[in-house]
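# Report on the structure
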Number of protein chains: 2
Amino acid sequence: MSSSRLDPWVDAYAQRTAEMQASEIRALFAVASRPEVVSLAGGMPFVQALSMDMMAETVSRLLLERGAVALQYGSGQGDVVLREQILEVMADVQVSAHPDDIVVTTGSQMALDLVTRVFCDPGDVVLVEAPSYVGALGVFRAYECDVIHVAMDEQGLNPAALEEAIAALAAQGRSAKMLYTIPSFHNPAGVTQSQPRRAEILQLAQRAGILVLEDDPYGLLGFDGEAPAAIRAHDEEGVIYLGSFSKTIASGLRVGWAVAPHGVREKLVLAAESAVLCPSNYSQLTISEYLATQPWREQIKTYRELYRERRDALLESLEQLMPQGTTWTTPAGGFYSWVTLPEGLDAKAMLPRAVAALVAYVPGTGFYVDGSGHEHMRLSYCYPEPDRIREGVRRLAGVIEGELEIAHTFGTSSTLRTSSGTNVPGPDLQ
Amino acid sequence: MSSSRLDPWVDAYAQRTAEMQASEIRALFAVASRPEVVSLAGGMPFVQALSMDMMAETVSRLLLERGAVALQYGSGQGDVVLREQILEVMADVQVSAHPDDIVVTTGSQMALDLVTRVFCDPGDVVLVEAPSYVGALGVFRAYECDVIHVAMDEQGLNPAALEEAIAALAAQGRSAKMLYTIPSFHNPAGVTQSQPRRAEILQLAQRAGILVLEDDPYGLLGFDGEAPAAIRAHDEEGVIYLGSFSKTIASGLRVGWAVAPHGVREKLVLAAESAVLCPSNYSQLTISEYLATQPWREQIKTYRELYRERRDALLESLEQLMPQGTTWTTPAGGFYSWVTLPEGLDAKAMLPRAVAALVAYVPGTGFYVDGSGHEHMRLSYCYPEPDRIREGVRRLAGVIEGELEIAHTFGTSSTLRTSSGTNVPGPDLQ
């Protein structure tokens with residue numbers, strides 16, 4: 001990224017391009033990907049838990065039996081057999097639909113992009129949780145939406161805060177186009193909406209005519225009992241549900257999906273064809289063959305147990321090692337815990353010290369569009385082994401203690417607050 | 001597509017969504033995909049020419065040796081080894097670049113989408129050939145561009161017409177943002193720009209400050225001698241080059257790329273991360289492993305010879321069977337010939353009769369945004385075997401003769417001109 005080279009096209013870019021921001025701290029994350037660093041930053045699923053022998057066999061069979069289809073263009077909406085299989089997968093979160101209501105996408109990130117493309121003009125209001133998934137914030141920004149954060153608590157999005165946000169908009173003669181929410185095992189907050197709360201949120205959105213965009217990549221990765229019923233289980237017309245195989249099978253296949261009301265689905269297919277012609281048959285049929293021939297529920301159980309063990313390692317060591325004044329959420333599933341630092345500390349400013357101490361995390365600022373979040377960090381337990389997680393927390397606790405000491409001595413943290421931006425690693429370090 | 005179901009979100013869509021049009025004649029193409037119909041409509045590569053044993057072996061090896069990488073998230077810009085291999089592939093069209101200048105995308109359709117996203121505000125002018133690739137027209141429409149067609153002749157885009165279009169815009173105080181062109185083995189026109197003409201077009205664009213978007217999916221599929229040097233071979237700063245493995249390896253993998261000037265490339269990566277996080281490592285590494293271990297130039301030669309044989313079958317039977325007054329282009333590579341019907345006939349209106357006679361093509365109207373093209377059709381020879389092509393042309397000649405007879409008897413074609421739209425099959429029938 002040498003800024004010494006002039007860009008002859010600098011005046012030619014579209015207005016929306018100004019909203020696409022490079023991360024100021026990408027370079028730091030590149031360092032953080034070195035093996036000696038314990039990364040609690042990434043959201044990479046532990047795909048090593050898949051049997052590669054089994055995957056190789058599955059794909060070989062697919063290519064030998066249906067290679068000419070797997071390597072050919074497919075339908076813009078996605079493979080119809082896979083869409084039927086997706087219905088089976090979604091039955092676990094109590095979503096029922098028709099295969100025609102499903103649009104298969106290049107990861108659910110693309111579904112986010114398509115929904116926003118189809119619904120949002122510049123200036124349209126999108127309500128999001130505070131904090132919210134950085135990839136969604138990036139999309140809403142790229143489409144020049146007006147993103148408004150709504151407070152969360154230990155049960156996720158707060159309905160009273162939602163009601164207030166809707167009322168505040170109404171008082172300005174405005175209304176929101178969409179509510180984007182991750183009800184189960186939230187990224188980054190690590191919390192889950194109770195069922196009554198989901199019903200309440202849905203009702204508020206329905207009453208205000210706001211489309212609910214429900215993002216559910218982690219729904220099947222709960223650690224206790226049954227998977228939570230999706231918001232979409234309670235309403236077909238007012239909710240677009242996004243699902244993904246990235247965390248239940250493998251992220252490198254890039255297969256996600258949207259379930260949308262009939263009229264919306266038609267628009268999404270047209271937008272998808274414009275964006276990529278069609279999703280990869282190769283990836284889709286690999287998943288379809290895997291689902292048809294392998295004990296996939298067993299595999300998800302394996303993932304769940306693996307992530308629970310790592311969650312426990314994280315929570316236990318946070319409990320043992322973190323200095324007083326540090327708090328965190330207790331995730332019942334998914335990949336993340338959301339940490340609040342002792343007063344006066346700034347997670348973003350502290351990151352270079354943490355990386356120097358060979359531990360990495362994502363500063364909270366990346367999960368807000370309004371510059372807040374400095375006192376927070378997201379810790380991921382999905383990828384490192386439990387012992388590495390414990391070692392990472394030990395290092396992190398040392399860094400925080402050092403910061404507290406400086407704050408105590410000088411009356412302030414050593415680190416200055418820095419400006420906002422996309423403070424997250426790239427996809428390869430997620 | 002039951003229009004009896006009301007869409008409760010009909011008033012909520014973004015303005016751009018109005019520009020996303022469903023094809024009026026998709027249903028007809030669905031019929032045309034039945035085995036008894038000879039389809040000269042689709043642009044599907046004949047992937048059956050790949051050895052599936054070899055592909056299965058290649059992917060097995062990849063998964064057993066590097067499965068944890070192939071199934072994981074990757075970089076938003078694309079795999080760095082694959083980007084180096086892409087440089088080798090592009091050497092054949094004399095494009096040289098640095099791996100950092102390449103952005104890997106989910107098919108080159110996605111590169112088209114990203115370039116337009118990064119450069120075009122609503123109302124921005126994009127110059128395109130007349131006719132032009134329907135997938136590009138769809139993207140430009142979706143971003144609400146003002147698309148202006150520039151005439152072609154048997155050597156492709158006509159520089160005099162381009163100069164005129166630029167001058168006409170200047171006279172209105174306007175200028176074009178981009179010139180979208182397919183210089184080699186054009187889709188749908190089947191023609192190729194000579195090298196002097198490429199230089200002339202580039203110079204006109206440079207002088208007017210217009211970015212050249214060069215789409216080159218067929219460049220390596222020429223039937224005579226060396227692959228034509230790309231426009232990008234002559235200018236690094238003013239050209240974005242789009243390449244694809246869809247036609248040289250397999251379309252179902254959905255891997256394409258853009259080569260862009262430094263400053264532009266950074267924006268494209270940010271846009272790509274927002275759109276899909278990252279391209280599929282699974283697809284990318286499959287291609288990378290294939291390129292590293294297989295005689296890929298031999299495979300492209302196999303494709304070239306296969307398509308030449310089919311081109312010959314098409315041209316010979318057109319020569320033998322078409323009624324007087326029908327003309328067509330003689331492609332020196334690629335997938336398509338562009339047919340002009342005898343005066344008074346309308347290819348779109350004639351399509352239902354052709355399908356009834358068990359032959360299908362794409363009416364010319366799909367390749368224009370301005371409602372013209374009724375007298376043209378695109379014939380593809382890439383997918384059917386030579387005998388099927390000959391049979392298809394025989395049927396088509398019969399349909400045209402029937403139309404001519406009616407026109408002769410009644411002084412007009414039997415078929416009324418119908419309104420414009422996206423008159424092409426979906427991706428699965430391309």
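Moving on, we get to the overall build of chain A. For chain A, the count of helices and strands is 13 helices and 14 strands. Taken over the C-alpha trace, chain A has a radius of gyration of 22 Å; the compact-globule value for 430 residues is 22 Å, and the two agree within 12%. Dimensions of chain A along its principal axes, counting C-alpha atoms only, are 65 × 60 × 55 Å. In chain A, buried positions account for 58% of the 430 residues. Taking contacts inside chain A between residues at least 6 apart in sequence as the whole, the part at least 24 apart equals 77%.

All right, on to the domain arrangement of chain A then. Residue and element names in this part refer to chain A. By the assigned domains, chain A splits into domain 1 (21-43 + 298-429) and domain 2 (52-293). The straight-line distance from the C-alpha centre of domain 1 to that of domain 2 is 26 Å. Contacts between the two partners involve 26 residues from domain 1, matched on the other side by 25 residues from domain 2. Secondary structure elements with two or more residues in the side of domain 1 that touches domain 2: helix 11 (296-321) and strand 11 (336-340). Along the lines of polarity and charge, the residues of the side of domain 1 that touches domain 2 split into 12 nonpolar, 9 polar and 5 charged.

Residue and element names in this part refer to chain A. An order of 10-11-14-13 is seen for the 4 strands of this open sheet, with the pairing classed as antiparallel. Among the strands making up the open sheet, the edge pair consists of strand 10 (327-328) and strand 13 (362-363). In this sheet, strand 14 (residues 376-380) lies alongside strand 11 in antiparallel orientation, the contact comprising 5 bridges. Directly across from Val339, in strand 14, lies its bridge partner Met377.

All right, on to the sheet that holds strand 6 (residues 176-181) of chain A then. All names here are of chain A. The 8 strands lie next to each other as 2-9-8-7-6-3-4-5, forming an open sheet whose pairing is mixed. Edge strands, defined here as strands with exactly one partner in the open sheet, are strand 2 (102-105) and strand 5 (156-157). Alignment of strand 6 against strand 7 (residues 211-215), held across 4 bridges, turns out to be parallel. Bridge pairing in strand 7 links Tyr180 to Leu213. Its contacts with the sheet put helix 3 (residues 80-91) on strand 2, strand 8 (239-244) and strand 9 (256-259), and the angle it makes with strand 2 is roughly 100°. Here helix 9 (residues 262-276) sits on the sheet in contact with strand 2, strand 8 and strand 9, set at roughly 25° to strand 2.

A separate point is the pairing of strand 6 of chain A. All names here are of chain A. Judged by how many residues are buried, strand 6 sits mostly within the fold: 6 of 6 residues are covered. Here 4 bridges tie strand 3 (residues 125-130) to strand 6, and the two strands are oriented parallel to one another. Bridging from a neighbouring strand, Val128 pairs with Tyr180 of strand 6. Regarding the hand of the β-α-β motif, the stretch spanning strand 6, helix 7 (residues 195-208) and strand 7 is right-handed.

Contacts between the two partners involve 77 residues from chain A, matched on the other side by 77 residues from chain B. Of all the secondary-structure elements, those providing two or more residues to the side of chain A that touches chain B are helix 2 (52-70), helix 4 (107-119), helix 5 (134-142), helix 9 and helix 10 (281-293) of chain A. Looking at the side of chain A that touches chain B, the element that brings in the most residues is helix 9 of chain A, giving 11 residues. Here the residues of the side of chain A that touches chain B sort into 41 nonpolar, 24 polar and 12 charged.

Glancing now at helix 10 (residues 281-293) of chain B. Taking 1.5 Å per residue, 13 residues should reach 18 Å; helix 10 of chain B reaches 18 Å between its end C-alpha atoms and fits that length. Within helix 10 of chain B the residues assigned to the buried category are Asn281(B), Tyr282(B), Ser283(B), Gln284(B), Leu285(B), Thr286(B), Ile287(B), Ser288(B), Glu289(B), Tyr290(B) and Leu291(B). Residues of helix 10 of chain B that are buried sit in contact with helix 10 of chain A together with helix 2 (52-70), helix 3 (80-91), strand 2 (102-105), helix 8 (246-250) and helix 11 (296-321) of chain B.

Before going further, it helps to examine the relation of the copies chain A and chain B. Of the transformation superimposing chain A on chain B, the axial component is 0.0 Å and the angular component is 180°, with the fit at an RMSD of 0.0 Å. Look at the turn and shift together and you get a two-fold axis relating the two. For chain A, the minimum C-alpha distance to the rotation axis belongs to Ser60(A) and amounts to 3.3 Å. A shared interface surface links the copies, since 100% of the contact residues of chain A are contact residues in chain B too.

In this section: the packing of helix 12 (residues 347-356) of chain B against helix 13 (residues 386-410) of chain B. Residues and elements named next belong to chain B. Packing of helix 12 against helix 13 brings their axes to within 10 Å, and their N-to-C directions diverge by 125°. Viewed along their axes, helix 12 and helix 13 adopt a mutual orientation that is oblique. With respect to the hand of their crossing, helix 12 and helix 13 are arranged in right-handed fashion. Along its contact with helix 12, which presents Met350, Arg353 and Ala354, the element helix 13 presents Leu396, Val399 and Glu403. Here the residues of the contact of helix 12 with helix 13 are counted per class, giving 4 nonpolar, no polar and 2 charged.

Right, let's get into the environment of Ala271(A). You can see Ala271(A) is positioned in helix 9. Judged by the 26 C-beta atoms lying within 10 Å of it, Ala271(A) is buried. C-alpha separation for the pair Ala271(A) and Val118(A), spaced 153 residues apart in sequence, amounts to 7.2 Å. Filtering out sequence-adjacent residues up to four positions away, Ala271(A) remains in contact with Leu114(A), Arg117(A), Val118(A) and Met20(B).

It is worth spelling out the nonpolar core at this point. As a rule of thumb, nonpolar side chains are buried together in soluble globular proteins. Ranked by size, the top nonpolar core spans 282 residues in total, and within it Ile240(A), Ala258(A), Leu268(A), Ile240(B), Ala258(B) and Leu268(B) carry the most contacts. Setting aside its immediate chain neighbours within four residues, Ile240(B) contacts Val115(B), Leu211(B), Leu213(B), Glu214(B), Ala258(B), Val259(B), Ala260(B) and Val264(B).

Right, let's get into the packing of helix 2 of chain A against helix 10 of chain A. Residue and element names in this part refer to chain A. Here helix 2 crosses helix 10 at 130°, and the two axes come no closer than 10 Å. Classified by the angle between their axes, helix 2 and helix 10 sit oblique to one another. The two elements helix 2 and helix 10 cross, and the hand of that crossing is right-handed. Every residue of helix 10 that contacts helix 2 at Thr58, Val59, Arg61, Leu62, Arg66, Val69 and Ala70 is listed here: Asn281, Tyr282, Leu285, Thr286, Glu289, Tyr290 and Thr293. In the contact of helix 2 with helix 10, the residues fall into 7 nonpolar, 4 polar and 3 charged.

Attention now moves to the environment of Gln320(A). Within the secondary structure, Gln320(A) sits in helix 11. Look at Gln320(A) and you get exposed, because 11 C-beta atoms sit within 10 Å.

Our next topic: helix 7 (residues 195-208) of chain B. Residue and element names in this part refer to chain B. With 14 residues, helix 7 extends 20 Å between its outermost C-alpha atoms, agreeing within 8% with the 20 Å of an ideal straight helix rising 1.5 Å per residue. Turning to helix 7, its buried residues number three or more, namely Arg198, Ile201, Leu202 and Ala205. Around the axis of helix 7, the buried residues are gathered within 100° of arc, so they sit on the same side. Looking at helix 7, the residues exposed on the side facing more than 90 degrees away from the buried face are Pro196 and Arg207.

Rules and cut-offs
- Residues numbered from 1 in each chain as written.
- Chains lettered and ligands numbered in written order.
- Predicted model: local features only at pLDDT ≥ 70, side-chain atom pairs only at ≥ 80, totals over all residues.
- Helix = DSSP H or I, 4+ residues; strand = E, 2+ residues; numbered from the N terminus.
- Rg over C-alpha atoms; globule rule 2.2 N^0.38 Å.
- Buried ≥ 20, exposed ≤ 12 C-beta atoms within 10 Å, placed from the backbone.
- Contact = placed C-beta atoms within 7 Å.
- Domains from an automatic or database assignment.
- Nonpolar A, V, L, I, M, F, W, Y, C, P; charged D, E, K, R; others polar.
- Pairing = 2+ DSSP bridges.
- Axes fitted to C-alpha atoms, helices over the stretch in contact; angles between N-to-C directions.
- Right-handed = clockwise from strand over helix to strand, strands pointing away.
- Expected span 1.5 Å × (residues − 1).
- Least-squares fit on C-alpha atoms with pLDDT ≥ 70 in both.
- Parallel < 35°, antiparallel > 145°, perpendicular 65-115°, else oblique.
- Left-handed = near helix turned anticlockwise from the far one by under 90°.
- Core = buried A, V, L, I, M, F, W, Y, C linked by C-beta atoms within 7 Å.
- Arc of directions from axis to C-beta.

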